[in-house]
Each structure stands twice: as structure tokens, then as C-alpha cells.
Amino acid sequence: MSEIITEAKIPEYEAFLQSHPKGHFAQSVLWAKQKPMWTWKAIVSRRPDGSIKGSMAVLIRKIVPALPYTMMYACRGPVTDLDDRETLQDLMDGAKQLAKQYHSYVIKIDPDVPSSETGYRQLLEEQGFRLTGGGAEFDAIQPQYVFRLNTAGKTAEELLMALPQSTRRKVRTAEKKGVTMKICGKEAVPEFAALMLETGLRDGFVTREGSYFENMLDNLGEHCRLYMAYYEGKAIAGTLAIWYGDKVWYLYGASSNEHRNLMPNYMLQWAMIEWAVEKGCRLYDFRGVPGQVGEDHPLYGLYKFKLGFGGDYVEFVGEMDLVRKKAVNWAINTGKPIFMDLRQKLYMRKGKK
């Protein structure tokens, strides 16, 4: 039988999530605080002794306010052993009950599971889930392709010496040329947000307001760090990282158009990897790349940068939908690209003013 977690049982839920190999910060109640416009619910399945054996947190929200329907989204869920059909069934039964209660037109998932786990994908398809087709070029909500560095049982020195020589040299360049790195609080968010805007305009993506990053530092507390790089007293790069369970994720990165030759991004990337080592983590996640692309691709620079740290290229199962209201799902998905295109054009116009 599935169970919806009550507030009193959240500590138990969080302890399970942080201990499970598939645990993810996006399944945490801490991340739910970062999404106040969404309703957060966590479903668990228990063993006969009462302990949790699987979980799935979902975010629920109306996508079109005028319609009575909601989208239900389990970001990087469910969290189960990959061959546990019974637990998966329990969690999906709970999700379907919630979907009925909240009039959800779709249940959307994107598990933290490699695409090579074909048996797990088959279990999801047996539940009625189908791939959406998104993923390449960051079309999905979460990146389908990432680089991950195995940090389990390794020292920072061992990881540094395992880097390609060219990357190791770049990691050391910034400090040699007078760049300093600081772990900052909310006082540095305006500088970071300005760098994010500069980066977004340069690379053509929409960025968050400074308040979003301030809230993240508040909501995640010790689990979130803002790293900033300075040269001659001026902020030239910054990154936001999250530590949760046995992983550290590189979530946001930004840099100035100036002083990029000083390699501040390499310095910051290495500092985040050192945090993963400090916390005894199993994995450091560089987050998304557009896939394995060639030099002619506009995002090849991003791919090459992350590739240079020697992590493993991972393709996830992908974004999958269990559609409950086909007409509603079709209408909303048809209108979404038009809205996103308009949003980006307005953003780029605003940035040029």
C-alpha cells in the first residue's frame, strides 16, 4: 500500500532519500520550498517492518489558470531499486490517486536512471508511461545528457592528477594570475545575478531573477553554496552547487565577457568537486550537455568544457508521460512552444535595453 507523507514523517522521508543511491535533491522537501507556486506531495511504499523502500515526490500545478486541470511532475523520481516492480506499482497507484484528486491531465517523470537500464524503462512502459521525444538541445524540463565524475573513496589530489593535463593546467591558471575564490552568502547574489544575465544574453537563454537565488540559499541552507571568483576586486564568474545525499550537482554557472582568459570557471568547477570530496560523495554531477556534439555545434564549448574533467557521459531514460486527458495534453503541448519562443524574444529585447 502506498502512503502520502505527512509533515510529522518528513524527517523519515528525507533520511531515506539521502541514503538511497537514486536519491535526488529535486525529490526533497527542501527543493519544494523553492517552488512555492506548486503543491508538493510525497508518496512512499513501505516494507512489512514499516521502513520505507521507495518514494516519489510530485509537484502539482495548473499550467493554464483558466482550465481546471493540473500537471503532476516527479522531478528525478521515482526513487526505487531498479528491479522492484512491486514498489513501483505501489508508488504509481498513489500517484494516480493524487492525479484523480487534483484533476491532473498528465503525470510526468524523468528518473535518475541511465537509458542503458532497459528493463526499468520497460517497467515504466507497463505502467502506461511513454517517452515524450524531448531531451536533445535541452528541450526537456531536466537535461537528458550529463557528465558525472566518480568521486567515491577518492582524494582531491587523486582526482586532480587524474585530470587531462590541459584541464589541470587551466584549474591552476586562475590562482596563478591573481583570481581569488570565495564561498559567499546572499550579499553576493546581486553580482551573481548580473553575471547570469550577461551569460544568458551572450548564450541565448533566459535566466532567473536575483531573488530566486537568494531563496535557494535560504531554502537549502547548508546544502547549497554560492562560489564567486574575483579579479582585481571585481566579480568575473560564479557558480551555484547543491549537495544532497551522496552527490553534489553543479546547478548554475555564469561568467563575465571579460577576463575569460583567466579561466575562473575551471577554478570554480574544481572547488565544487572538492566539496563533493569533503562530503564523502559518490558522484559529482556536471549537469546538462546537448548530447555528444561536434565542433560545429553552437554548444560545443559547453560540451568540451565538461568533457575536459574526465567524467562519464550519461544519457538518462528521459522524460516520460502518463497521459490521463489526451485532448488537454495535446492543447497545452501545442501552445507551449509558442509561449516559450515569445518569452525568449521578450527577454532578449529587455536585455538589450
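Since this is a predicted model, take the numbers as computed values, not measurements.

## With respect to the packing of helix 3 (residues 85-101) against helix 4 (residues 118-126)
- Contact pair helix 3 / helix 4: the axes reach a minimum separation of 11 Å and the direction vectors enclose 40°. By the angle class used here, helix 3 and helix 4 are oblique. Note that helix 3 runs across helix 4; the crossing there is right-handed. Along its contact with helix 3, which presents Arg-85, Leu-88 and Met-92, the element helix 4 presents Tyr-120, Leu-123, Leu-124 and Glu-126.
- Of the residues that constitute the contact of helix 3 with helix 4, the class distribution is 5 nonpolar, no polar and 2 charged.

## Considerations on a nonpolar patch on the surface
- A cluster of nonpolar side chains, contributed by Ile-63, Val-64 and Leu-67, occupies part of the molecular surface with about 190 Å² of accessible area.
- As for its position among the elements, Ile-63 is in the loop between strand 3 (52-61) and strand 4 (70-74).

## Here's the deal with the sheet that holds strand 10 (residues 234-244)
- Sheet architecture is open: 7 strands sit in the order 8-9-10-11-12-7-13, paired in mixed fashion. Two strands bound the open sheet, and with one partner strand each, they are strand 8 (180-184) and strand 13 (312-315). This sheet shows a mean twist of 30° between the axes of neighbouring strands, independent of strand direction.
- Relative to strand 12 (residues 283-288), strand 7 (residues 145-150) runs antiparallel, the two sharing 5 bridges. Bridge pairing in strand 12 places Leu-149 opposite Tyr-284.

Reading the values: the criteria
- Residues numbered from 1 in each chain as written.
- Predicted model: local features only at pLDDT ≥ 70, side-chain atom pairs only at ≥ 80, totals over all residues.
- Heavy atoms only, no water.
- Axes fitted to C-alpha atoms, helices over the stretch in contact; angles between N-to-C directions.
- Helix = DSSP H or I, 4+ residues; strand = E, 2+ residues; numbered from the N terminus.
- Parallel < 35°, antiparallel > 145°, perpendicular 65-115°, else oblique.
- Left-handed = near helix turned anticlockwise from the far one by under 90°.
- Contact = heavy atoms within 4.5 Å.
- Nonpolar A, V, L, I, M, F, W, Y, C, P; charged D, E, K, R; others polar.
- Patch = residues over 30% accessible without salt bridge, like charges linked within 9 Å, V, L, I, M, F, W, Y side chains within 5 Å.
- Areas by Shrake-Rupley, 256 points an atom, 1.4 Å probe, with all protein chains shown as cover.
- Salt bridge = Lys/Arg side-chain N within 4 Å of Asp/Glu carboxyl O.
- Pairing = 2+ DSSP bridges.

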